[in-house]
Amino acid sequence: MEYLLPTLREKREVDSLIRDTIDKVLVLRFGLSSDSVCLQLDDVLYKSAKDVSRFATVALVDVDSPEIQVYLKYFDITFVPSTIFFFNAHHMKMDSGSADHTKWIGTFQKKQDFVDVVEAIYRGAMKGKLIVSCPLPPERIPKFELLYKNV
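Attention in this report is confined to the structure presented alongside it.

Each value, and the rule that gives it
The numbering scheme is per chain: residues are counted from 1 as the chain's sequence reads. Predicted model: local features are reported for residues with pLDDT of at least 70 only, side-chain atom pairs are reported and counted for 80 or more only, and whole-chain, interface and lining totals are derived from all residues. Side-chain numbers come from the whole structure's heavy atoms, not from hydrogens or water. A pairing counts as a salt bridge when a side-chain nitrogen of Lys or Arg comes within 4 Å of a carboxyl oxygen of Asp or Glu. Secondary structure is summarised from DSSP: a helix means a run of H or I of at least four residues, a strand means a run of E of at least two, and numbering begins at the N terminus for each.

## Quick word on the pattern of salt bridges
Side-chain pairs of opposite charge can arise whenever the charged atoms involved come near each other. Following the criterion strictly, the structure yields 10 salt bridges and no others. A salt bridge links Asp43 to Lys47; the nearest nitrogen and oxygen atoms lie 3.2 Å apart. Of this pair, Asp43 and Lys47 both sit in helix α2 (residues 36-49), separated by 4 residues, roughly a single helical turn. Between Lys111 and Asp51 there is a salt bridge, with its nearest N and O atoms 2.7 Å apart. Of this pair, Lys111 sits in helix α4 (residues 111-126) while Asp51 is found in the loop between α2 and β3 (56-62), placing the two residues 60 residues apart along the sequence.

## Things to note about unusual backbone geometry
The omega angle of the peptide bond from Val80 to Pro81 is 0°, so this bond is cis rather than trans. Counting through the fold element by element, Pro81 comes out in the loop between α3 (69-74) and β4 (82-87).

Functional significance is not addressed by these values, which are geometric in nature.
Here you go:
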């Protein structure tokens, strides 16, 4: 799917897109073009891109790129795919019931799930919120366990 959605491989491209996307939700998928789960998410993102185009921009970020490693450390991206949302250069967070509100880890089960999440983030951002509640039922939210070393 990377040939259908814009793929960013350089830090300046990501910085520019975050800075220049105004009054729209910016959806950045951090992942690998060779990973099957990333490809599944890319398919959902591609199918949804037209539906959310009035209030969102979708782009893929290749985590294999050496310049992107700074974002992996900053956003603590250890699982791929991880999807991060921005609005007017502000990092948007979503309370999905997991321990990590900063990103969506994993894929969306259906196209409508993604559309609902982006719409909830857009509506919250337009009201000045930086964190929104996840509109999906708990059974459709990917589950993962955070493991901490030396705790």
